[in-house]
Amino acid sequence: MEQKNGLVIKSTGSRYTVLSDDGTMIICRIRGKIRLKGIKSTNPVSVGDRIVYDDDGSGEGVISEIKERKNYIIRKATNLSKESHIIAANVDQAVLIVTINYPMTSKVFVDRFIAASEAYGIPVTLVFNKTDRYDHQHQQILEEWRNLYESIGYQTLAVSAKKQEDLSEIETLLKDKITVLSGHSGVGKSTLINRVEPTLNLKTAEISAIHQSGKHTTTFAEMHALSFGGFIIDTPGIRGFGLIDIEKEELYHYFKEIFEHAKNCRFNNCSHYSEPGCTVKKAVEDGLIAYSRYESYLSILLDKNDKYR
Ligand SMILES: Nc1nc2c(ncn2[C@@H]2O[C@H](COP(=O)(O)OP(=O)(O)OP(=O)(O)O)[C@@H](O)[C@H]2O)c(=O)[nH]1
Ligand SMILES: [Mg+2]
Ligand SMILES: [Zn+2]
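Everything quoted here is computed from the prediction, not taken from an experiment. (Residues numbered from 1 in each chain as written. Chains lettered and ligands numbered in written order. Predicted model: local features only at pLDDT ≥ 70, side-chain atom pairs only at ≥ 80, totals over all residues. Heavy atoms only, no water.)

Describing the pairing of strand 3 (residues 25–30)
Next, step 1: Burial along strand 3 is one-sided: the face carrying Ile26, Cys28 and Ile30 is buried and the face carrying Met25, Ile27 and Arg29 is not.
Next, step 2: Bridging between strand 2 (residues 16–20) and strand 3 involves four bridges; their strand directions are antiparallel. Its bridge partner being in strand 3, Tyr16 is matched across the sheet by Cys28.
Next, step 3: Hairpin connection between strand 2 and strand 3: a loop of four residues separates the two successive antiparallel strands, and Gly23 in this loop has a positive phi of roughly 95 degrees.
Next, step 4: Note: strand 3 against strand 5 (residues 60–66), four bridges, orientation parallel. Note that in strand 5 the partner of Cys28 across the bridge is Gly61. (Buried < 20%, exposed > 50% of the residue type's maximum accessible area, 1.4 Å probe, protein only. Helix = DSSP H or I, 4+ residues; strand = E, 2+ residues; numbered from the N terminus. Pairing = 2+ DSSP bridges.)

Considering the coordination of the zinc ion (ligand 3)
Next, step 1: At this site the zinc ion (ligand 3) is bound by Cys265 (SG), Cys270 (SG), His272 (ND1) and Cys278 (SG), with donor distances of 2.1 to 2.4 Å.
Next, step 2: If you list the donors of the zinc ion (ligand 3) from N- to C-terminus, the spacing comes out as C-x4-C-x1-H-x5-C.
Next, step 3: Owing to a relative accessible area of 4%, Cys270 belongs among the buried residues under this scheme. (Donors = N, O, S within 2.8 Å, 3.2 Å for Na, K, Ca; no water.)

Digging into the coordination of the magnesium ion (ligand 2)
Next, step 1: Taken together, Ser190 (OG) and Thr218 (OG1) make up the full set of protein donors to the magnesium ion (ligand 2), lying 2.0 to 2.2 Å away. Taken as a pair, Ser190 in helix 4 (residues 189–196) and Thr218 in the loop between helix 4 and strand 12 (222–225) lie far apart in primary sequence, 28 residues in all. Grouping residues by exposure puts Ser190 and Thr218 together as buried.

Concerning helix 2 (residues 136–152)
Next, step 1: Its 17 residues place the ends of helix 2 25 Å apart at the C-alpha level, agreeing with the 24 Å of an ideal helix rising 1.5 Å per residue.
Next, step 2: What helix 2 keeps buried is the set His138, Leu142, Trp145, Leu148, Tyr149 and Ile152. Here the buried residues of helix 2 occupy an arc of 135 degrees about the axis, which is enough to place them on one side. Across helix 2 from its buried face, at more than 90 degrees, point the exposed residues His136, Asn147 and Ser151.
Next, step 3: Packing partners of the buried residues in helix 2 comprise strand 8 (93–98), helix 1 (107–120), strand 9 (124–128), strand 10 (156–158), helix 5 (256–261) and helix 7 (291–301).
Next, step 4: By the N-cap criterion, in which a side-chain oxygen at the helix start approaches the backbone nitrogen of a residue two or three places on, helix 2 is capped by Asp135, the distance to Gln137 being 3.0 Å.
Next, step 5: Within two residues after helix 2, Gly153 carries a phi angle of roughly 120 degrees, on the positive side. (Expected span 1.5 Å × (residues − 1). Arc of directions from axis to C-beta. Contact = heavy atoms within 4.5 Å. Polar contact = N/O pair within 3.5 Å; in protein donor to acceptor, adjacent residues only side chain to side chain.)

What to know about the pattern of salt bridges
Next, step 1: Under the defined criterion, the tally for this structure stands at 15 salt bridges.
Next, step 2: In this structure, Arg50 and Asp21 form a salt bridge, with 3.0 Å as the shortest nitrogen-oxygen distance. Of this pair, Arg50 sits in strand 4 (residues 50–55) while Asp21 sits in the loop between strand 2 and strand 3; the two residues are 29 residues apart in sequence, bridging distant segments of the chain.
Next, step 3: For Arg31, the salt bridge goes to Asp54, with nearest N and O atoms at 2.5 Å. Separated by 23 residues along the polypeptide, Arg31 in the loop between strand 3 and strand 4 and Asp54 in strand 4 bring together distant segments of the chain.
Next, step 4: A single salt-bridge network, built from bridges that share partners, covers Lys4, Asp22 and Asp55. (Salt bridge = Lys/Arg side-chain N within 4 Å of Asp/Glu carboxyl O.)

Description of the nonpolar core
Next, step 1: Core analysis: the largest hydrophobic core is formed by 37 residues, its most contacted members being Val110, Leu126, Phe128, Tyr149 and Ile233.
Next, step 2: Counting residues per element, the ones that place at least two in this core are strand 1 (2–11), strand 6 (72–76), strand 7 (84–89), strand 8, helix 1, strand 9, helix 2 and strand 11 (178–182).
Next, step 3: The leading source of residues in this core is helix 1, at six residues.
Next, step 4: Looking at this core, you find at least three residues from each of domain 1 (2–69) and domain 2 (73–234).
Next, step 5: Dropping the residues within four chain positions of it, Val110 is found in contact with Leu96, Val98, Thr105, Leu126, Trp145 and Tyr149.
Next, step 6: With 20 residues, the next largest nonpolar core counts Ile246, Tyr252, Cys265 and Tyr294 among its residues. (Core = buried A, V, L, I, M, F, W, Y, C linked by side-chain atoms within 4.5 Å. Domains from an automatic or database assignment.)

Some remarks on the site of ligand 1
Next, step 1: Lining the immediate environment of ligand 1, one finds 23 residues, of which Asp132, Ser185, Thr191, Thr217 and Thr218 sit closest.
Next, step 2: One of the backbone nitrogen or oxygen atoms of Val187 is found 3.4 Å away from an oxygen atom of ligand 1.
Next, step 3: Note that an oxygen atom of ligand 1 is positioned 3.0 Å from one of the backbone N or O atoms of Ser190.
Next, step 4: Calculation on ligand 1 without its partners gives an accessible area of 660 Å², and the protein chains cover 94% of this total.
Next, step 5: Its residues placed into classes, the shell around ligand 1 shows four nonpolar, 13 polar and six charged. (Near = heavy atom within 4 Å. Areas by Shrake-Rupley, 256 points an atom, 1.4 Å probe, with all protein chains shown as cover. Nonpolar A, V, L, I, M, F, W, Y, C, P; charged D, E, K, R; others polar.)

Brief notes about the domain arrangement of the chain
Next, step 1: Segmenting the chain into domains produces domain 1 (2–69), domain 2 (73–234) and domain 3 (248–301).
Next, step 2: Its C-alpha centre places domain 1 at a distance of 26 Å from the equivalent point of domain 2.
Next, step 3: With 19 residues of domain 1 at the contact, the number on the domain 2 side is 16 residues.
Next, step 4: The junction of domain 1 with domain 2 conceals about 1,500 Å² of combined surface from both sides, 58% of it contributed by carbon and sulfur atoms.
Next, step 5: Here domain 1 is connected to domain 2 by one salt bridge.
Next, step 6: Between Lys10 and Glu222 there is a salt bridge, and its shortest N-O distance comes to 3.6 Å.
Next, step 7: Our count for the domain 1 to domain 2 interface comes out at four residue pairs in polar contact (both at pLDDT 80 or more).
Next, step 8: Take the side of domain 1 that touches domain 2: its biggest share by element is four residues, from strand 1.
Next, step 9: Residues of the side of domain 1 that touches domain 2, tallied by class, amount to five nonpolar, eight polar and six charged. (Buried area = accessible area lost by both parts, 1.4 Å probe.)

Structure follows, in structure tokens:
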């Protein structure tokens, strides 16, 4: 029996594909119960985890230890569940794929994703996809969204994965980093990965013509090595808002421009909702904070649940 180290690159429930530090690939299962402090999770081991496994030469390894995580992205297992599901661990950055249409992505969704990434300390870039399908009006919305998010300090790119337009910037973004790719079903996550790494040939599917929504084609997160350096994690499309784990009191810290304007509020525990002397509300009135961003902030703040989805 030999103990070895490795990286989890795929998780399909009870079996994990591990890239061993010795360069080989091995399927592993978990020994008994590995409990992690503080997280009630449906998957104790996630894509991106660094692990220790026992190799008895049988061809199947047994994971005995998960190394401490630098960070992780989590979502609720189901809407009502208290349990959560870890999407990916130990990532350098998140890329949110956004489509103005086919399917439609809402600003609230984008803002919730950004807030969650900020809370996890994970840099996020917005990549607008399907520019080849946009009409004049969509193009205008695209410009407006890009200006908004760039002005707050987020990098944005606009590409067409299908027509292979503007993809060199994507390569620059991904090179030598571990990136988790996220977004609604059908926005083109797997298509984009196939374009930057054509040997992968990941499964993709047309969006439903009637509902203009994706078909949840990717069902498990999987990490892929990039030939030009780095790793990319393809993930299943997020339904609804999907992300959790921010305390109400600290929510405004994760809306960068709201945080900036909150310094002079009359009350230092101001929630920036109904308190007098709130300089955040003043900044919204003066057009210094986009109304859509403030609305997103309030929609999370006033969510009925204590923790946010
Ligand atoms: N017109 C156009 N279609 C695209 C583009 N990128 C992807 N698509 C199409 O959008 C559909 C969905 O793409 P997928 O790559 O399967 O989407 P996904 O984000 O991986 O979806 P899930 O795995 O379900 O989360 C496919 O029919 C793609 O061909 C694009 O730039 N332009
Ligand atoms: Mg996919
Ligand atoms: Zn305030």
